[in-house]
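# Examination of the molecular architecture
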Amino acid sequence: MGYVDEVLAKVKEKNASEPEFLQAVEEVLESLRPVIEANEELYKKNAILERITEPDRQIMFRVPWVDDNGQVQVNRGFRVQFNNAIGPYKGGLRLHPSVNLSIIKFLGFEQVFKNSLTTLPIGGGKGGSDFDPKGKSDREIMAFCQSFMTELYKYIGADTDVPAGDIGTGAREIGFLFGQYKRIRGLYEGVLTGKGLTYGGSLARTQATGYGLCYFTNELLREHGMSFDGMTTVISGSGNVAIYACEKAQTLGAKVVALSDSNGYIYDRDGIKLDVVKQIKEVERGRISEYAKRVPGSVYTEGCSGIWSIKCDIALPCATQNEICAESAALLVKNGVKAVCEGANMPSTPEAIETFLKSGVFFGPAKAANAGGVATSGLEMSQNSLRLSWTFEEVDEKLCGIMKNIYKNASEAAKEFGMEGNLVAGANIAGFMKVADAMLWQGI
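These numbers come from a predicted model, not from an experiment.

### Section: the side chain of Lys248
For Lys248, the position within the fold is in helix α10 (residues 240–251). In this structure, Lys248 is buried with no salt-bridge partner, the nearest side chain bearing the opposite charge being Asp396 at 4.5 Å. Other than its neighbours up to four places away in sequence, Lys248 contacts Tyr211, Cys214, Tyr215 and Asp396.

### Notes on the sheet that holds strand β10 (residues 314–317)
Strand order in this open sheet of 7 strands is β9-β8-β7-β6-β10-β11-β12, and the pairing throughout is mixed. Because the sheet does not close on itself, it has two edges, and the strands there are β9 (299–302) and β12 (362–364). Pairwise comparison of adjacent strand axes, ignoring direction, gives a mean angle of 15° for this sheet. One ladder, built from 3 bridges, connects strand β6 (residues 232–236) with strand β7 (residues 255–260); its direction is parallel. Bridge pairing links Thr232 to Lys255 in β7.

### Regarding the packing of helix α2 (residues 19–31) against helix α6 (residues 101–117)
In contact at an axis separation of 6 Å, α2 and α6 are set at 25° when each is read in the N-to-C sense. Classified by the angle their axes make, α2 and α6 are roughly parallel. Residue-level inspection shows Pro19, Glu20, Phe21, Ala24, Val25, Glu27 and Val28 of α2 in contact with α6, the latter providing Ser102, Ile103, Lys105, Phe106, Phe109, Glu110 and Phe113. Looking at side-chain class alone, the contact of α2 with α6 contains 9 nonpolar, 1 polar and 4 charged residues.

### Re the side chain of Lys105
Here Lys105 is to be found in helix α6. Apart from the residues lying within four places of it in its own chain, the contact partners of Lys105 are Asn15, Glu18, Phe21, Pro55, Gln58, Val80 and Phe82.

### Here we look at the packing of helix α17 (residues 392–416) against helix α18 (residues 423–442)
How two helices sit against one another is set out by the angle between their axes and by the gap between those axes. Orientation of α17 relative to α18, taken along the N-to-C sense of each, is 105°, at an axis distance of 7 Å. One element, α17, and the other, α18, form an angle in the roughly perpendicular class. Every residue of α18 that contacts α17 at Tyr407, Asn409, Ala410, Ser411, Ala413 and Ala414 is listed here: Leu423, Gly426, Ala427, Ile429 and Ala430. Along the lines of polarity and charge, the residues of the contact of α17 with α18 split into 8 nonpolar, 3 polar and no charged.

### Side note on the pairing of strand β8 (residues 264–267)
In terms of strand pairing, β7 meets β8 through 3 bridges, oriented antiparallel. In the strand pairing of β8, Ala258 is matched with Tyr267. Of the strand pairs in this sheet, β8 and β9 are connected by 4 bridges, and their pairing is antiparallel. Each bridged residue has a counterpart across the sheet, and for Ile266 the counterpart in β9 is Tyr300.

### Considering the sheet that holds strand β3 (residues 89–95)
Spatial ordering of the open sheet is given by β1-β2-β4-β3-β5, a layout of 5 strands whose pairing is mixed. Edge positions in the sheet fall to β1 (57–66) and β5 (161–164), since each of these pairs with one other strand and no more. Between one strand and the next, the sheet's axes are offset by a mean angle of 20°, whatever the strand orientation. Judged from the 6 bridges that link them, strand β2 (residues 72–83) and strand β4 (residues 124–129) form a sheet pairing that is antiparallel.

### Focus: a nonpolar patch on the surface
Together, Val66, Val72 and Val74 line one region of the surface with nonpolar side chains, adding up to about 240 Å² of accessible area. Along the chain, Val74 turns up in strand β2. By relative accessible area, which is 55% here, Val74 ends up exposed.

Quick notes on the rules
- Residues numbered from 1 in each chain as written.
- Predicted model: local features only at pLDDT ≥ 70, side-chain atom pairs only at ≥ 80, totals over all residues.
- Heavy atoms only, no water.
- Helix = DSSP H or I, 4+ residues; strand = E, 2+ residues; numbered from the N terminus.
- Buried < 20%, exposed > 50% of the residue type's maximum accessible area, 1.4 Å probe, protein only.
- Lys, Arg positive; Asp, Glu negative; His and termini not counted.
- Salt bridge = Lys/Arg side-chain N within 4 Å of Asp/Glu carboxyl O.
- Contact = heavy atoms within 4.5 Å.
- Pairing = 2+ DSSP bridges.
- Axes fitted to C-alpha atoms, helices over the stretch in contact; angles between N-to-C directions.
- Parallel < 35°, antiparallel > 145°, perpendicular 65-115°, else oblique.
- Nonpolar A, V, L, I, M, F, W, Y, C, P; charged D, E, K, R; others polar.
- Patch = residues over 30% accessible without salt bridge, like charges linked within 9 Å, V, L, I, M, F, W, Y side chains within 5 Å.
- Areas by Shrake-Rupley, 256 points an atom, 1.4 Å probe, with all protein chains shown as cover.

Take a look at the structure:
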(Lines give C-alpha, C1' and ligand atoms only; values in the text may rest on other atoms or scores of the structure.)
Protein backbone atom coordinates (compact mmCIF):
# COMPACT_ATOMS: atom_id res chain seq x y z
CA MET A 1 0.00 0.00 0.00
CA GLY A 2 1.38 3.40 -1.00
CA TYR A 3 1.67 6.42 1.28
CA VAL A 4 -1.43 8.14 -0.15
CA ASP A 5 -3.53 5.00 0.36
CA GLU A 6 -2.24 4.57 3.92
CA VAL A 7 -3.21 8.12 4.86
CA LEU A 8 -6.59 7.92 3.14
CA ALA A 9 -7.41 4.76 5.08
CA LYS A 10 -6.45 6.44 8.38
CA VAL A 11 -8.46 9.58 7.62
CA LYS A 12 -11.53 7.53 6.69
CA GLU A 13 -11.25 5.48 9.88
CA LYS A 14 -10.83 8.51 12.14
CA ASN A 15 -13.51 10.67 10.47
CA ALA A 16 -16.07 8.07 9.41
CA SER A 17 -19.06 10.27 10.28
CA GLU A 18 -17.86 13.28 8.23
CA PRO A 19 -18.77 12.69 4.55
CA GLU A 20 -18.07 16.21 3.26
CA PHE A 21 -14.63 16.27 4.88
CA LEU A 22 -13.77 12.81 3.54
CA GLN A 23 -14.89 13.84 0.05
CA ALA A 24 -12.60 16.88 0.12
CA VAL A 25 -9.60 14.94 1.45
CA GLU A 26 -9.98 12.11 -1.07
CA GLU A 27 -10.28 14.52 -4.00
CA VAL A 28 -7.11 16.36 -2.97
CA LEU A 29 -4.96 13.35 -2.06
CA GLU A 30 -5.91 11.39 -5.18
CA SER A 31 -4.82 14.28 -7.39
CA LEU A 32 -1.57 14.69 -5.42
CA ARG A 33 -0.37 11.14 -6.19
CA PRO A 34 2.25 12.17 -8.81
CA VAL A 35 3.93 14.76 -6.57
CA ILE A 36 3.73 12.50 -3.49
CA GLU A 37 5.21 9.51 -5.34
CA ALA A 38 8.06 11.69 -6.60
CA ASN A 39 8.94 12.68 -3.00
CA GLU A 40 7.43 9.80 -1.04
CA GLU A 41 10.34 9.10 1.32
CA LEU A 42 10.66 12.75 2.39
CA TYR A 43 6.93 13.37 2.83
CA LYS A 44 6.32 10.06 4.62
CA LYS A 45 9.25 10.50 7.04
CA ASN A 46 7.88 13.92 8.00
CA ALA A 47 4.21 12.72 8.03
CA ILE A 48 3.25 15.65 5.81
CA LEU A 49 -0.05 14.11 4.66
CA GLU A 50 -1.08 13.07 8.17
CA ARG A 51 -0.32 16.58 9.44
CA ILE A 52 -2.03 18.40 6.57
CA THR A 53 -5.24 16.38 6.94
CA GLU A 54 -5.46 16.84 10.72
CA PRO A 55 -6.50 20.34 11.91
CA ASP A 56 -4.20 22.17 14.31
CA ARG A 57 -7.29 22.52 16.50
CA GLN A 58 -11.06 22.32 16.24
CA ILE A 59 -13.15 24.40 18.60
CA MET A 60 -16.84 23.76 19.26
CA PHE A 61 -18.89 25.85 21.67
CA ARG A 62 -22.38 26.74 22.88
CA VAL A 63 -23.96 30.01 21.64
CA PRO A 64 -26.91 31.09 23.85
CA TRP A 65 -28.91 34.18 22.83
CA VAL A 66 -32.33 35.74 23.51
CA ASP A 67 -34.93 36.11 20.73
CA ASP A 68 -37.50 38.92 20.39
CA ASN A 69 -40.03 36.96 22.45
CA GLY A 70 -37.64 36.78 25.39
CA GLN A 71 -36.95 33.08 24.79
CA VAL A 72 -33.39 31.84 25.21
CA GLN A 73 -32.14 30.00 22.12
CA VAL A 74 -29.03 27.81 21.92
CA ASN A 75 -26.91 27.20 18.83
CA ARG A 76 -23.60 25.47 18.26
CA GLY A 77 -20.53 27.43 17.19
CA PHE A 78 -17.40 26.16 15.41
CA ARG A 79 -13.93 27.32 14.50
CA VAL A 80 -11.48 24.91 12.86
CA GLN A 81 -7.93 26.21 12.59
CA PHE A 82 -6.45 23.92 9.99
CA ASN A 83 -2.95 25.01 9.01
CA ASN A 84 -0.89 28.16 9.58
CA ALA A 85 2.38 27.15 7.89
CA ILE A 86 2.32 30.14 5.55
CA GLY A 87 0.37 32.70 7.60
CA PRO A 88 -2.40 33.29 10.16
CA TYR A 89 -5.51 31.12 9.81
CA LYS A 90 -7.94 32.70 7.35
CA GLY A 91 -11.43 31.62 6.35
CA GLY A 92 -15.08 32.56 6.59
CA LEU A 93 -17.83 32.08 9.14
CA ARG A 94 -20.86 30.25 7.71
CA LEU A 95 -24.26 30.77 9.37
CA HIS A 96 -26.70 28.15 8.09
CA PRO A 97 -28.81 25.33 9.61
CA SER A 98 -26.78 22.73 7.68
CA VAL A 99 -23.52 23.67 9.41
CA ASN A 100 -21.81 20.83 11.27
CA LEU A 101 -18.23 19.80 12.04
CA SER A 102 -17.83 17.85 8.78
CA ILE A 103 -18.78 20.85 6.64
CA ILE A 104 -16.55 23.23 8.59
CA LYS A 105 -13.61 20.81 8.34
CA PHE A 106 -14.08 20.30 4.59
CA LEU A 107 -14.19 24.08 4.08
CA GLY A 108 -11.14 24.64 6.29
CA PHE A 109 -9.16 21.92 4.50
CA GLU A 110 -10.00 23.42 1.09
CA GLN A 111 -9.08 26.86 2.42
CA VAL A 112 -5.49 25.76 3.11
CA PHE A 113 -4.84 25.17 -0.59
CA LYS A 114 -6.99 28.00 -1.86
CA ASN A 115 -5.18 30.53 0.33
CA SER A 116 -1.83 29.12 -0.73
CA LEU A 117 -2.78 29.62 -4.38
CA THR A 118 -3.43 33.33 -3.86
CA THR A 119 0.35 33.74 -3.13
CA LEU A 120 -0.62 35.83 -0.07
CA PRO A 121 0.76 34.88 3.38
CA ILE A 122 -2.43 33.36 4.83
CA GLY A 123 -3.14 29.92 6.27
CA GLY A 124 -6.42 27.99 6.26
CA GLY A 125 -9.34 27.88 8.68
CA LYS A 126 -13.13 28.01 8.78
CA GLY A 127 -15.94 28.52 11.24
CA GLY A 128 -19.61 29.18 11.71
CA SER A 129 -22.80 28.04 13.39
CA ASP A 130 -26.06 26.18 12.72
CA PHE A 131 -27.83 29.51 13.42
CA ASP A 132 -30.17 30.61 10.60
CA PRO A 133 -30.17 34.39 9.97
CA LYS A 134 -33.21 34.15 7.66
CA GLY A 135 -36.31 35.70 9.18
CA LYS A 136 -34.43 37.10 12.18
CA SER A 137 -34.65 40.75 13.23
CA ASP A 138 -31.56 42.94 13.34
CA ARG A 139 -31.70 42.80 17.14
CA GLU A 140 -31.76 38.99 17.11
CA ILE A 141 -28.84 38.90 14.66
CA MET A 142 -26.91 41.26 16.96
CA ALA A 143 -27.72 39.14 20.03
CA PHE A 144 -26.47 35.99 18.33
CA CYS A 145 -23.31 37.63 16.94
CA GLN A 146 -22.38 39.15 20.27
CA SER A 147 -22.79 35.80 22.05
CA PHE A 148 -20.85 34.00 19.30
CA MET A 149 -17.94 36.46 19.51
CA THR A 150 -17.92 36.34 23.32
CA GLU A 151 -16.54 32.81 22.96
CA LEU A 152 -14.70 33.10 19.64
CA TYR A 153 -12.58 36.14 20.62
CA LYS A 154 -10.31 33.92 22.74
CA TYR A 155 -8.98 32.14 19.68
CA ILE A 156 -8.60 34.87 17.02
CA GLY A 157 -6.51 37.98 16.33
CA ALA A 158 -4.95 39.97 13.49
CA ASP A 159 -1.82 37.77 13.47
CA THR A 160 -3.48 34.58 14.77
CA ASP A 161 -6.74 33.88 12.96
CA VAL A 162 -8.72 36.30 10.79
CA PRO A 163 -12.31 35.16 10.07
CA ALA A 164 -14.44 36.59 7.25
CA GLY A 165 -17.95 36.29 5.82
CA ASP A 166 -19.50 33.28 4.10
CA ILE A 167 -23.05 32.02 3.53
CA GLY A 168 -25.33 33.89 5.95
CA THR A 169 -22.57 36.22 7.12
CA GLY A 170 -22.62 39.56 5.37
CA ALA A 171 -21.68 43.14 6.26
CA ARG A 172 -24.36 43.33 8.98
CA GLU A 173 -23.11 40.22 10.80
CA ILE A 174 -19.43 41.17 10.40
CA GLY A 175 -20.21 44.59 11.88
CA PHE A 176 -21.85 43.14 14.99
CA LEU A 177 -19.03 40.60 15.40
CA PHE A 178 -16.32 43.26 15.03
CA GLY A 179 -18.06 45.59 17.48
CA GLN A 180 -18.18 42.86 20.13
CA TYR A 181 -14.54 41.84 19.58
CA LYS A 182 -13.43 45.45 19.94
CA ARG A 183 -15.59 45.89 23.05
CA ILE A 184 -14.12 42.81 24.76
CA ARG A 185 -10.47 43.10 23.72
CA GLY A 186 -10.15 46.88 23.65
CA LEU A 187 -8.26 46.51 20.37
CA TYR A 188 -8.94 48.10 17.00
CA GLU A 189 -7.26 45.65 14.64
CA GLY A 190 -7.93 43.85 11.37
CA VAL A 191 -9.29 40.74 13.09
CA LEU A 192 -12.19 40.30 10.64
CA THR A 193 -12.45 40.98 6.93
CA GLY A 194 -15.52 41.95 4.95
CA LYS A 195 -15.94 44.98 7.23
CA GLY A 196 -17.89 48.09 6.23
CA LEU A 197 -15.98 50.78 4.32
CA THR A 198 -16.23 53.26 7.21
CA TYR A 199 -14.33 51.04 9.64
CA GLY A 200 -11.55 49.28 7.76
CA GLY A 201 -13.26 47.40 4.95
CA SER A 202 -11.89 47.18 1.43
CA LEU A 203 -13.47 48.48 -1.72
CA ALA A 204 -14.27 45.64 -4.18
CA ARG A 205 -14.59 43.05 -1.38
CA THR A 206 -18.31 42.64 -2.03
CA GLN A 207 -17.68 41.95 -5.71
CA ALA A 208 -14.44 40.01 -5.26
CA THR A 209 -15.48 36.34 -5.37
CA GLY A 210 -17.83 36.81 -8.32
CA TYR A 211 -15.46 39.09 -10.22
CA GLY A 212 -12.51 36.80 -9.46
CA LEU A 213 -14.43 33.78 -10.75
CA CYS A 214 -14.97 35.57 -14.06
CA TYR A 215 -11.33 36.72 -14.28
CA PHE A 216 -10.21 33.11 -13.78
CA THR A 217 -12.78 31.78 -16.27
CA ASN A 218 -11.86 34.42 -18.84
CA GLU A 219 -8.18 33.51 -18.57
CA LEU A 220 -9.07 29.82 -19.05
CA LEU A 221 -11.18 30.69 -22.10
CA ARG A 222 -8.50 33.00 -23.50
CA GLU A 223 -5.92 30.21 -23.33
CA HIS A 224 -8.19 28.19 -25.60
CA GLY A 225 -9.00 30.94 -28.08
CA MET A 226 -12.36 31.93 -26.59
CA SER A 227 -13.90 34.61 -24.38
CA PHE A 228 -17.14 35.39 -22.53
CA ASP A 229 -18.28 37.51 -25.46
CA GLY A 230 -21.55 36.12 -26.85
CA MET A 231 -21.49 33.06 -24.56
CA THR A 232 -24.80 31.90 -23.07
CA THR A 233 -24.11 31.50 -19.36
CA VAL A 234 -26.00 29.83 -16.51
CA ILE A 235 -25.19 30.80 -12.93
CA SER A 236 -26.66 29.01 -9.91
CA GLY A 237 -27.33 30.93 -6.72
CA SER A 238 -28.41 34.54 -6.29
CA GLY A 239 -26.33 35.57 -3.33
CA ASN A 240 -23.25 37.74 -3.30
CA VAL A 241 -21.06 35.46 -5.45
CA ALA A 242 -23.71 34.79 -8.10
CA ILE A 243 -24.83 38.41 -8.40
CA TYR A 244 -21.34 39.77 -9.01
CA ALA A 245 -20.33 36.86 -11.23
CA CYS A 246 -23.39 37.79 -13.29
CA GLU A 247 -22.38 41.46 -13.30
CA LYS A 248 -18.83 40.82 -14.47
CA ALA A 249 -19.84 38.13 -17.00
CA GLN A 250 -22.30 40.57 -18.54
CA THR A 251 -19.62 43.27 -18.62
CA LEU A 252 -17.36 40.83 -20.49
CA GLY A 253 -20.09 40.23 -23.08
CA ALA A 254 -21.81 37.08 -21.80
CA LYS A 255 -25.58 36.54 -21.94
CA VAL A 256 -26.54 35.27 -18.48
CA VAL A 257 -29.93 33.55 -18.70
CA ALA A 258 -30.51 31.90 -15.31
CA LEU A 259 -30.08 32.34 -11.54
CA SER A 260 -31.45 30.33 -8.59
CA ASP A 261 -31.96 30.18 -4.86
CA SER A 262 -32.73 27.32 -2.48
CA ASN A 263 -36.37 27.16 -3.65
CA GLY A 264 -35.99 27.18 -7.45
CA TYR A 265 -34.59 28.98 -10.49
CA ILE A 266 -35.48 31.68 -12.99
CA TYR A 267 -34.86 31.55 -16.74
CA ASP A 268 -34.82 34.72 -18.83
CA ARG A 269 -33.96 34.00 -22.45
CA ASP A 270 -33.45 37.73 -23.10
CA GLY A 271 -30.75 37.91 -20.43
CA ILE A 272 -31.01 38.49 -16.67
CA LYS A 273 -31.92 42.04 -15.61
CA LEU A 274 -29.41 42.42 -12.81
CA ASP A 275 -30.92 45.61 -11.39
CA VAL A 276 -34.13 43.66 -10.67
CA VAL A 277 -32.18 40.82 -9.02
CA LYS A 278 -30.23 43.27 -6.83
CA GLN A 279 -33.46 44.97 -5.72
CA ILE A 280 -35.02 41.62 -4.75
CA LYS A 281 -31.99 40.00 -3.11
CA GLU A 282 -29.90 42.88 -1.71
CA VAL A 283 -32.59 45.43 -0.79
CA GLU A 284 -35.72 43.37 -0.09
CA ARG A 285 -33.95 40.12 0.93
CA GLY A 286 -36.67 38.32 -1.05
CA ARG A 287 -36.87 35.08 -3.04
CA ILE A 288 -35.73 34.76 -6.66
CA SER A 289 -39.28 33.76 -7.67
CA GLU A 290 -40.17 37.47 -7.44
CA TYR A 291 -38.15 38.06 -10.60
CA ALA A 292 -40.67 36.19 -12.76
CA LYS A 293 -43.48 38.40 -11.42
CA ARG A 294 -41.61 41.58 -12.42
CA VAL A 295 -39.95 40.67 -15.73
CA PRO A 296 -42.32 39.66 -18.54
CA GLY A 297 -41.20 36.59 -20.48
CA SER A 298 -39.12 35.15 -17.66
CA VAL A 299 -40.05 31.80 -16.09
CA TYR A 300 -39.68 30.53 -12.52
CA THR A 301 -39.38 26.79 -11.83
CA GLU A 302 -39.56 25.13 -8.41
CA GLY A 303 -36.52 23.04 -7.46
CA CYS A 304 -32.87 23.88 -7.99
CA SER A 305 -31.31 21.02 -9.96
CA GLY A 306 -33.29 21.73 -13.13
CA ILE A 307 -31.18 24.82 -13.76
CA TRP A 308 -28.49 22.56 -15.27
CA SER A 309 -30.90 21.38 -17.96
CA ILE A 310 -30.72 24.83 -19.57
CA LYS A 311 -28.54 24.80 -22.68
CA CYS A 312 -25.47 26.98 -22.14
CA ASP A 313 -21.85 27.55 -23.18
CA ILE A 314 -20.58 28.38 -19.69
CA ALA A 315 -21.84 27.11 -16.32
CA LEU A 316 -20.86 28.87 -13.10
CA PRO A 317 -22.18 26.98 -10.02
CA CYS A 318 -22.28 29.56 -7.21
CA ALA A 319 -24.81 28.11 -4.75
CA THR A 320 -23.56 25.34 -2.44
CA GLN A 321 -21.63 22.06 -2.19
CA ASN A 322 -22.54 19.05 -4.37
CA GLU A 323 -25.18 20.89 -6.40
CA ILE A 324 -24.00 19.36 -9.70
CA CYS A 325 -24.33 15.57 -9.63
CA ALA A 326 -23.27 13.10 -12.34
CA GLU A 327 -26.70 13.30 -13.99
CA SER A 328 -26.62 17.12 -14.15
CA ALA A 329 -23.05 17.05 -15.45
CA ALA A 330 -24.03 14.60 -18.21
CA LEU A 331 -26.90 16.91 -19.17
CA LEU A 332 -24.59 19.93 -19.37
CA VAL A 333 -22.14 17.99 -21.55
CA LYS A 334 -24.96 16.75 -23.79
CA ASN A 335 -26.16 20.33 -24.25
CA GLY A 336 -22.69 21.46 -25.36
CA VAL A 337 -21.25 23.26 -22.34
CA LYS A 338 -17.69 24.44 -23.05
CA ALA A 339 -16.52 25.47 -19.58
CA VAL A 340 -17.61 24.91 -15.97
CA CYS A 341 -15.95 27.00 -13.27
CA GLU A 342 -16.90 26.79 -9.61
CA GLY A 343 -17.91 29.86 -7.63
CA ALA A 344 -19.23 27.91 -4.63
CA ASN A 345 -17.13 25.56 -2.49
CA MET A 346 -17.09 22.00 -3.89
CA PRO A 347 -20.33 22.40 -5.90
CA SER A 348 -19.57 19.44 -8.19
CA THR A 349 -19.58 15.84 -6.96
CA PRO A 350 -16.52 13.67 -7.78
CA GLU A 351 -18.61 11.86 -10.41
CA ALA A 352 -19.58 15.18 -12.01
CA ILE A 353 -15.96 16.33 -12.15
CA GLU A 354 -14.95 13.04 -13.75
CA THR A 355 -17.69 13.52 -16.36
CA PHE A 356 -16.43 17.00 -17.22
CA LEU A 357 -12.77 15.98 -17.46
CA LYS A 358 -13.49 12.88 -19.56
CA SER A 359 -15.71 14.89 -21.91
CA GLY A 360 -13.07 17.53 -22.56
CA VAL A 361 -15.04 20.30 -20.83
CA PHE A 362 -12.74 23.02 -19.45
CA PHE A 363 -13.16 22.77 -15.68
CA GLY A 364 -12.06 25.30 -13.06
CA PRO A 365 -12.16 23.87 -9.50
CA ALA A 366 -13.38 25.99 -6.60
CA LYS A 367 -10.12 26.31 -4.73
CA ALA A 368 -8.67 28.08 -7.76
CA ALA A 369 -11.69 29.70 -9.41
CA ASN A 370 -13.36 31.18 -6.32
CA ALA A 371 -10.21 32.33 -4.52
CA GLY A 372 -10.96 35.98 -5.35
CA GLY A 373 -12.90 36.52 -2.15
CA VAL A 374 -10.16 35.42 0.21
CA ALA A 375 -7.55 37.12 -1.98
CA THR A 376 -9.31 40.45 -1.49
CA SER A 377 -9.73 39.67 2.21
CA GLY A 378 -5.94 39.29 2.25
CA LEU A 379 -5.68 42.68 0.56
CA GLU A 380 -8.03 44.10 3.23
CA MET A 381 -5.66 42.74 5.90
CA SER A 382 -2.77 44.52 4.17
CA GLN A 383 -4.68 47.81 4.08
CA ASN A 384 -5.57 47.46 7.78
CA SER A 385 -1.92 46.83 8.69
CA LEU A 386 -0.76 49.79 6.62
CA ARG A 387 -3.56 52.05 7.92
CA LEU A 388 -4.59 53.07 4.42
CA SER A 389 -7.27 52.42 1.82
CA TRP A 390 -6.78 51.56 -1.85
CA THR A 391 -9.21 52.68 -4.55
CA PHE A 392 -11.70 50.26 -6.12
CA GLU A 393 -9.62 50.25 -9.29
CA GLU A 394 -6.40 49.45 -7.40
CA VAL A 395 -7.98 46.51 -5.57
CA ASP A 396 -9.72 45.25 -8.71
CA GLU A 397 -6.46 45.37 -10.66
CA LYS A 398 -4.63 43.41 -7.94
CA LEU A 399 -7.51 40.89 -7.84
CA CYS A 400 -7.40 40.39 -11.61
CA GLY A 401 -3.63 39.84 -11.46
CA ILE A 402 -3.97 37.31 -8.63
CA MET A 403 -6.65 35.30 -10.48
CA LYS A 404 -4.61 35.21 -13.70
CA ASN A 405 -1.61 34.05 -11.68
CA ILE A 406 -3.67 31.30 -9.99
CA TYR A 407 -4.72 29.99 -13.39
CA LYS A 408 -1.12 30.12 -14.65
CA ASN A 409 0.30 28.28 -11.62
CA ALA A 410 -2.41 25.59 -11.65
CA SER A 411 -2.02 25.08 -15.40
CA GLU A 412 1.77 24.82 -15.21
CA ALA A 413 1.69 22.44 -12.21
CA ALA A 414 -0.68 20.11 -14.07
CA LYS A 415 1.60 20.16 -17.11
CA GLU A 416 4.74 19.54 -15.04
CA PHE A 417 3.28 16.36 -13.55
CA GLY A 418 1.93 14.96 -16.81
CA MET A 419 -1.72 16.03 -16.46
CA GLU A 420 -1.92 18.97 -18.84
CA GLY A 421 -5.32 20.65 -18.78
CA ASN A 422 -6.38 19.04 -15.49
CA LEU A 423 -6.78 22.14 -13.31
CA VAL A 424 -8.16 20.07 -10.41
CA ALA A 425 -4.81 18.32 -10.06
CA GLY A 426 -2.86 21.47 -10.97
CA ALA A 427 -4.54 23.63 -8.31
CA ASN A 428 -4.12 20.98 -5.62
CA ILE A 429 -0.46 20.40 -6.49
CA ALA A 430 0.45 24.10 -6.69
CA GLY A 431 -1.31 24.84 -3.41
CA PHE A 432 0.08 21.79 -1.64
CA MET A 433 3.72 22.22 -2.61
CA LYS A 434 3.97 25.70 -1.09
CA VAL A 435 2.40 24.60 2.20
CA ALA A 436 4.38 21.33 2.39
CA ASP A 437 7.64 23.17 1.75
CA ALA A 438 6.88 25.62 4.59
CA MET A 439 6.00 22.73 6.90
CA LEU A 440 9.27 20.96 6.12
CA TRP A 441 11.31 24.09 6.84
CA GLN A 442 9.55 24.74 10.16
CA GLY A 443 9.95 21.26 11.62
CA ILE A 444 7.30 19.57 13.75
